[in-house]
Amino acid sequence: MSSTSTPAKPETGFAAAFAALCLGAVAMGISPIFVRFASSSMDGAPADVGPFASAFWRVTLCLPLLYAWMRIEERKASKDAPCVRFSKAAILAGIVFTGDLLFWHLAILKTTVANATFFATMAPLFVVLVVWLVFRQKVSRGTFIGLSLCLLGGAALIGQSMQADPARLAGDFYGLATAFFFGLYFIAASKARRTAGAARVTFEASLITSVLILIVTLVFESRVMPQTLQGAAALFAMSYVSHAGGQGLLSVALGSLPAVFSSLVIFLEAVAAALFGWVILGEPLSLVQSLGGALILLGIWVARPAP
């Protein structure tokens, strides 16, 4: 098997794959900020674009970049490198990522950034349950301990936002639905990486997601094009930073790291989102929330794959 589909040994490829995963989590962690800017406008005017339209532009604007990356990657790949086009796993990844984005963008607008991100980053719980109960694969004790620490850290990270607030319950539910679909995306994308490179998996899944979200947008929203410079800039930034950067780096990491461990590292997205929410949106962080972030880091360290 080629290096694009064979899990890398920790001493040769773990560091690079882990770094890509962490950078990808941070890139995805800033996406709520871009959604807020794209879905709101100045001077009390109506929203620039709706949540579905912003999700559509997120995956669509960077398609040329992803296509160019795919062509370059495959041109440099060895002749025997696997390159299955639109595999069943890649198609499934595109379908479940559609559900992930639709609920994610709704969650961001219906609750706080920290709340939306915490519930969305519960995806590792679904990954572990599916791998353990459905696929009957062994999950290490360290993984369960690390998952527990990350969940406790995430609960502490959102602090008082964890209190039952009727105005936020819908957004919290959307975040939980996001986690379910994102967990399925991890499993599908990890399987797709066995037969194709990171660029092809990212491009094909994004293309499928783009078409499906466009249909949803045209049915439920009247405005697709951004109306202001702020909205357009936010959409471009979200597409190239959070999607091309975040999802692309995630696909790179899934070629070397187990899906279960990779999903745990995505808890860093909650840490990044909380920090961005504090710095940019003025959503303050307490000492308890800071300790929650530390627990997440500890959980990731405990769950790390053994050499």
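Residues numbered from 1 in each chain as written. Predicted model: local features only at pLDDT ≥ 70, side-chain atom pairs only at ≥ 80, totals over all residues. Heavy atoms only, no water.

(A) Layout of the overall build of the chain. When its secondary structure is counted, the chain shows 14 helices and 0 strands. Mapped in sequence order, the helices and strands of the chain form the string α-α-α-α-α-α-α-α-α-α-α-α-α-α. Counting over 307 residues, the chain shows a buried share of 53%. Put simply, 90% of the contacts in the chain that link residues at least 6 apart link residues at least 24 apart. As displayed, the chain offers around 13,800 Å² of accessible surface, 70% of which is attributable to carbon and sulfur atoms. (Helix = DSSP H or I, 4+ residues; strand = E, 2+ residues; numbered from the N terminus. Buried < 20%, exposed > 50% of the residue type's maximum accessible area, 1.4 Å probe, protein only. Contact = heavy atoms within 4.5 Å. Areas by Shrake-Rupley, 256 points an atom, 1.4 Å probe, with all protein chains shown as cover.)

(B) Up close: the pattern of salt bridges. Scanning the model with the defined rule gives 2 salt bridges in all. A salt bridge links Arg200 to Glu74; its shortest N-O distance comes to 2.5 Å. Of this pair, Arg200 sits in helix α10 (residues 198-220) while Glu74 sits in helix α4 (residues 63-76); the two residues are 126 residues apart in sequence, bridging distant segments of the chain. The exposure class assigned to Arg200 is buried, which follows from its relative accessible area of 6%. Owing to a relative accessible area of 26%, Glu74 belongs among the partly exposed residues under this scheme. (Salt bridge = Lys/Arg side-chain N within 4 Å of Asp/Glu carboxyl O.)

(C) How the structure looks around the nonpolar core. Phe182, Tyr185, Leu250 and Ile266 are the most contacted members of the largest nonpolar core, which has 73 residues in total. At 9 residues, the largest contribution of residues to this core is made by helix α5 (residues 88-110). Apart from residues lying up to four places away in sequence, Tyr185 is in contact with Ala93, Val96, Phe97, Gln247, Leu250 and Ser251. Within the second largest apolar cluster, 7 residues are counted, among which are Cys62, Leu63, Leu66 and Met70. (Core = buried A, V, L, I, M, F, W, Y, C linked by side-chain atoms within 4.5 Å.)

(D) Focus on the confidence of the model for the chain. For the chain, mean pLDDT is 83; residues scoring 70 or higher make up 88% of the total. Within the model, the stretch residues 1-12 combines pLDDT values under 50 with 22 contacts to residues more than four positions away or in other chains. (pLDDT = per-residue confidence, 0-100.)

(E) Fine view of the packing of helix α3 (residues 51-60) against α10. In contact at an axis separation of 9 Å, α3 and α10 are set at 155° when each is read in the N-to-C sense. For the element pair α3 / α10, the angle class is roughly antiparallel. Where α3 crosses over α10, the two elements pack in a sense that is left-handed. Contacts between α3 and α10 involve Phe52, Ala53, Ala55, Phe56, Val59 and Thr60 from the first element and Ser206, Thr209, Ser210, Ile213, Leu214, Val216, Thr217 and Phe220 from the second. Split by residue class, the contact of α3 with α10 holds 9 nonpolar, 5 polar and no charged. (Axes fitted to C-alpha atoms, helices over the stretch in contact; angles between N-to-C directions. Parallel < 35°, antiparallel > 145°, perpendicular 65-115°, else oblique. Left-handed = near helix turned anticlockwise from the far one by under 90°. Nonpolar A, V, L, I, M, F, W, Y, C, P; charged D, E, K, R; others polar.)

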